[in-house]
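Descriptive analysis of the structure
For reference, the chains in residue letters:
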Amino acid sequence: MKKIKVVSVRLKTLTEISLKCYKAADWQGNSALIPKSQVFGQDCDVIKCDAYWISEWFARKEDFDLMISLKKIGWYNPNSGNVEQNFEIIVEHHSPAKISPLENNTIEKLKK
C-alpha cells in the first residue's frame with residue numbers, strides 16, 4: 001500500500017463536529033473544516049502547542065485557510081498506522097572500473 005504525504009499543522013483547537021468532520025482553528029484566528037479521513041493523528045514532537053498530521057494535498061487546497069508550514073513533512077504508513085519522518089532521496093553515481101582492451105579477442109575453439 002502507498003504511503004501518504006502529510007504535513008504538521010499547529011492548531012489552537014481541533015473540535016469534532018460530526019462523525020466525519022473536525023473544525024480546526026489556528027493561532028491566527030483562521031478556521032477550517034477538515035474531514036476525519038485527512039487527519040492522521042497528533043504530532044507528538046511539537047511541545048509548545050498542539051500539532052496534527054494532515055494530508056499534504058488537502059492542506060495545499062486554495063480554500064484551506066489555516067496557516068501551514070511545509071518545513072515538517074512526514075509519510076503516513078497505513079500498514080503500521082505511524083507517521084515516518086521525511087526522507088531525502090540521495091542519488092549516487094557509480095562508474096565502472098575501466099578495463100584495458102585485449103589485443104586479440106578471438107576464441108580459438110570457435111574459430112573456423
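Preceding this section is the structure that the text describes.
About the thresholds
- Residues numbered from 1 in each chain as written.
- Predicted model: local features only at pLDDT ≥ 70, side-chain atom pairs only at ≥ 80, totals over all residues.
- Heavy atoms only, no water.
- Pairing = 2+ DSSP bridges.
- Helix = DSSP H or I, 4+ residues; strand = E, 2+ residues; numbered from the N terminus.
- Axes fitted to C-alpha atoms, helices over the stretch in contact; angles between N-to-C directions.
- Buried < 20%, exposed > 50% of the residue type's maximum accessible area, 1.4 Å probe, protein only.
- Lys, Arg positive; Asp, Glu negative; His and termini not counted.
- Salt bridge = Lys/Arg side-chain N within 4 Å of Asp/Glu carboxyl O.
- Polar contact = N/O pair within 3.5 Å; in protein donor to acceptor, adjacent residues only side chain to side chain.
- Contact = heavy atoms within 4.5 Å.

Brief notes about the sheet that holds strand β4 (residues 31-35)
Taken in spatial order, the 3 strands line up as β2-β3-β4 in an open sheet, and their pairing is antiparallel. Each having just a single partner strand, β2 (13-16) and β4 make up the two edges of the open sheet. Along the sheet, successive strands turn relative to each other by an average axial angle of 25°, direction set aside. In this sheet, strand β3 (residues 21-25) lies alongside β2 in antiparallel orientation, the contact comprising 4 bridges. Paired with T15 across the two strands is K23, which belongs to β3.

Points about the side chain of D26
Structurally, D26 can be placed in the loop between β3 and β4. The buried charged residue D26 lacks any salt bridge, with K12 as its nearest oppositely charged partner at 8.6 Å. In this structure the side chain of D26 is engaged in a polar contact, spanning 3.3 Å, whose partner is the backbone nitrogen of G29. Ignoring any residue separated from it by four or fewer positions in sequence, one finds D26 in contact with R10, L11, K12, L66 and M67.

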